Amino acid sequence: MLYPQLSAKRKVYDLNGLWQFKQGNYAPNGQNRLSDDPESELMVVPTSFNDVLVDKDKRLFIGDNWYERVIDLPEIAEDEEAVLRFGSVTHQAKVYLNGRLAGEHKGGFTPFEVVLTEKDLAEKPLVLSVCANNELNYTTLPVGNYLEKKMPDGRIKKVVKENFDFFNYAGIHRPVKLYTRPKHHIEDIIVQYELSDDLKSAEVMVKVEAGAVSKVVVSILDETGKVLAQGAPDQALVLESVTLWQPLKAYLYTCRVELFDGDKLVDRYDEAFGIRKVEVKNAQFLINDQPFYFKGFGKHEDTYINGRGLNEAANLMDLNLLKDIGANSFRTSHYPYSEEMMRLADRMGIVVIDEVPAVGLFQNFTAALDLLGDKAEPDNTWTVMKTKEAHEAVIRELVKRDKNHACVVMWVVANEPSSHEAGAREYFESLIQLYRDLDQQKRPVTLVNIMMAMPGKDLVADLIDVICLNRYYGWYKDHAELEDAKVHLKQELEDWHRLYPDKPIMFTEYGADTLPGYHSLWDIPYTEEYQCDYYKANHEVFDSLPYFVGEQVWNFADFETNVSLIRVKGNHKGLFSRNRDPKQVVRLFKERWTAIPNLGYKP
Ligand code: GCB
């Protein structure tokens, strides 16, 4: 899906800013206005509504969240159409135009569009109402435990207990835009390329989905805007001398697609893309034929005030901090990040592991985290969860959105599902295959493994390309026992390697909650010293194993969660605090990561 962008034949209008807002019942009918409802109030777009409302019940409200604004449409030419474009609405969206249901979308982290009809274009003014529903259950991704509570006054209150460890922020999270495009337009562009064996030259092949026109021209431009090759879709366009997209050394070409009717330009779109090779071979993760070592983070889209809403300044600061500490990569845990973030990562040369919001696929997840370990019910995840349809949809939407990004080097099918329970293999086999079928670049696919699905118990690892582990030796296991942690960690890694000698292994999570300002002479968890000792212990083991290809810590920064006994106003495993102040451990990482090269660390 193309990002809304200005061009000679396209205009983009910003619909962000102040909207009218109300939680609960509302039925737009073309006559009424949300602003006339005394219970309505102001809201900004984009942001999570939760923290800005400053009211406990509204912060935790589950159900329909209504947004409305009135648009005085610009003139749209006869041969053009107008499209409403939502970067994301969390989690389910219904879009109404003058009271008419004009579009719907399920899934809170991918974009969708609504094309305005002739009738909509004629309406003056046009009332745009959006319902953002934030219910989660066993059919949605992420998975939530949904219940209806009877209140003392007889009211029924909807409740979602997150089956995952981050706050269920919701609302219109990413920009809303109105753009125009020609009726006969470019719908999608898929850039494929084949590099020569020496990686010096490439044949670029571009697929174009477009309306009926007489001619489609594809041009490849370098960063100075010089045309290097030109031809038709599906034709091999030869680049004699290629500048590769490298980790932290990005180079982006432009693929310009133009539609013509005779000599007349009908539509034009410029898609940036990088050329690089990704391959998994002999227990190594190769980028441009060199062994790559992942240094970086699991992150969240999470900032004060905005919650999960797009915060471009925070994104840029985060990636600058990431570079400063000597890292080279992050995982979009636990959902697709904004298109703006993906574009930024492309430009900065940051390597991205791209994840769908498949989190919480573990019945009784919170009970599993219970320190006492007593679970009332046996797990029955794969009969209880009805998420397959949502899962397929989100894989399709993610690949459609992110396929051309050079920064994306691997897809994640799920974070910490119950991959050791009967039924897991049947559930995941076709989803992993779906990624492989859809992605023209054939990137590796992984599943992020949970600590209960140990080698021998896990049922899916043979289906994926890289063994990605979330492990907390020295925290949830061997708590404050770092010597034992090292022994158990090494044992487990050796077991994985014995089972899958050709697959690289990396950590996609490891970490220890740390409250900045807490200190101790001894190994006391939650102190800044313990966080340092915890990481040193883990690194000692990583460095002793040649097939261990990467370390992504949990987490980049502290983040908001649902309340629970083991969360002290959020999760504090960040190397940075929620407001991005460094903890003591940042110095340790900076020293370590600036000494480890991105390529060729474990040849
Ligand atoms: C995990 C989850 C992550 C949690 C983390 C923790 O394994 O993938 O979402 O936040 O552990 O801190 O417990």
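Residues numbered from 1 in each chain as written. Predicted model: local features only at pLDDT ≥ 70, side-chain atom pairs only at ≥ 80, totals over all residues. Heavy atoms only, no water.

Which entries qualify depends on this criterion: UniProt positions are given in the numbering used here, feature names are shortened, and annotations may be inferred rather than shown by experiment.
Per an unreviewed UniProt entry, the protein chain goes by Beta-glucuronidase and derives from Streptococcus ovuberis. Recorded under Sequence similarities (unreviewed entry), the UniProt text for the protein chain is reproduced unchanged: "Belongs to the glycosyl hydrolase 2 family."

## Some remarks on the overall build of the protein chain
Operational definition: Going along the chain from the N terminus, every DSSP run of H or I of four or more residues is numbered as a helix, and every run of E of two or more is numbered as a strand. The globule rule used for comparison is 2.2 Å times the number of residues to the exponent 0.38, while the radius of gyration itself is calculated over C-alpha atoms. By the convention used here, residues are in contact when the closest approach between their heavy atoms is within 4.5 Å. Computed by Shrake-Rupley with a 1.4 Å probe, the accessible areas treat only the displayed protein chains as cover when residues are assessed. Residues scored as positive are Lys and Arg, those scored as negative are Asp and Glu, and His as well as the terminal groups of each chain are ignored. For charged residues, the charge sits on one atom: NZ in Lys, CZ in Arg, CG in Asp, CD in Glu.
Looking only at helices and strands, the protein chain features 11 helices and 32 strands. In summary, the protein chain has a C-alpha radius of gyration of 25 Å against a globular reference of 25 Å for 603 residues, a match within 12%. Counting only C-alpha atoms, the protein chain reaches 75 × 75 × 45 Å along its principal axes. Sequence-distant contacts in the protein chain: of pairs separated by 6 or more residues, those separated by 24 or more amount to 71%. By element, 51% of the accessible surface of the protein chain is carried by carbon and sulfur atoms, the whole surface being about 24,400 Å². Counting 72 positive and 93 negative side-chain charges, the protein chain places the averaged centre of each group 1 Å from the other.

## Quick look at the site of the ligand
Put simply, the test is: Working definition: residue near molecule or strand if any one of its non-hydrogen atoms lies within 4 Å of it. Polar contacts here mean pairs of N or O atoms no more than 3.5 Å apart (in protein, one a potential hydrogen donor and the other a potential acceptor; neighbouring residues in sequence count only if both atoms are side-chain atoms).
Inspection of the region around the ligand gives 13 residues, with Asp 165, His 334, Glu 416, Tyr 476 and Lys 573 positioned closest. In this structure, His 334 approaches the ligand through a side-chain N or O atom, which is 2.7 Å from an oxygen atom. In the environment of the ligand, an oxygen atom lies 2.8 Å from a nitrogen or oxygen atom belonging to the side chain of Asn 571. Expressed as a share of its isolated accessible area of 320 Å², the protein-covered part of the ligand is 95%.

## Comments concerning the pattern of salt bridges
Operational definition: Salt bridge criterion: a side-chain nitrogen from Lys or Arg within 4 Å of a carboxyl oxygen from Asp or Glu.
The full count for this structure, using the stated rule, is 43 salt bridges. Two residues, Asp 188 and Lys 403, come together in a salt bridge whose shortest N-O distance is 3.0 Å. On the criterion of sequence distance, the pair formed by Asp 188 in strand β15 (residues 186–195) and Lys 403 in the loop between α7 (388–402) and β28 (408–415) is long-range, its members being 215 residues apart. As a salt-bridge pair, Asp 462 and Arg 425 come within 2.8 Å of each other at their nearest N and O atoms.

## Re the pairing of strand β2 (residues 17–23)
Definition in use: Summary of the burial criterion: residues with accessible area below 20% of their type's maximum are buried, those above 50% are exposed, and those between are partly exposed, where the area comes from a 1.4 Å probe applied to protein chains only. We call two strands paired when DSSP finds no fewer than two bridges between them.
With 5 of 7 residues buried, β2 lies mostly within the body of the structure. Relative to strand β3 (residues 41–45), β2 runs antiparallel, the two being bridged by 5 bridges. When the bridges of β3 are listed, Leu 18 appears paired with Val 44.

## Notes on the sheet that holds strand β31 (residues 505–509)
Note the threshold: Comment: axis = line fitted to C-alpha atoms, over the contacting stretch for helices; angle = value between 0 and 180 degrees taken between N-to-C directions.
Spatial ordering of the closed barrel is given by β25-β26-β27-β28-β29-β30-β31-β32, a layout of 8 strands whose pairing is parallel. Shown here is a sheet whose adjacent strand axes are inclined to one another by a mean of 25°, direction ignored. One ladder, built from 4 bridges, connects strand β27 (residues 351–355) with β28; its direction is parallel. Bridged to Asp 354 within β28 is Trp 411. The strands touched by helix α4 (residues 339–348) are β26 (329–331), β27 and β28; relative to β27, the strand with the most contacts, the crossing angle is about 155°. Docked against the sheet, helix α8 (residues 424–438) engages β27, β28 and β29 (445–449), running at close to 160° with respect to β28.

## A short note on unusual backbone geometry
Backbone torsion omega between Thr 90 and His 91 reads 0°, so that peptide bond is classified as cis. Within the secondary structure, His 91 sits in the loop between β6 (89–90) and β7 (92–97). Of note, the amide linkage connecting Leu 141 to Pro 142 takes the cis form, showing an omega dihedral of 0°. Structurally, the position occupied by Pro 142 is in the loop between β10 (126–133) and β11 (144–150). A positive phi angle, near 55°, is found at Asn 288, a position not held by glycine.

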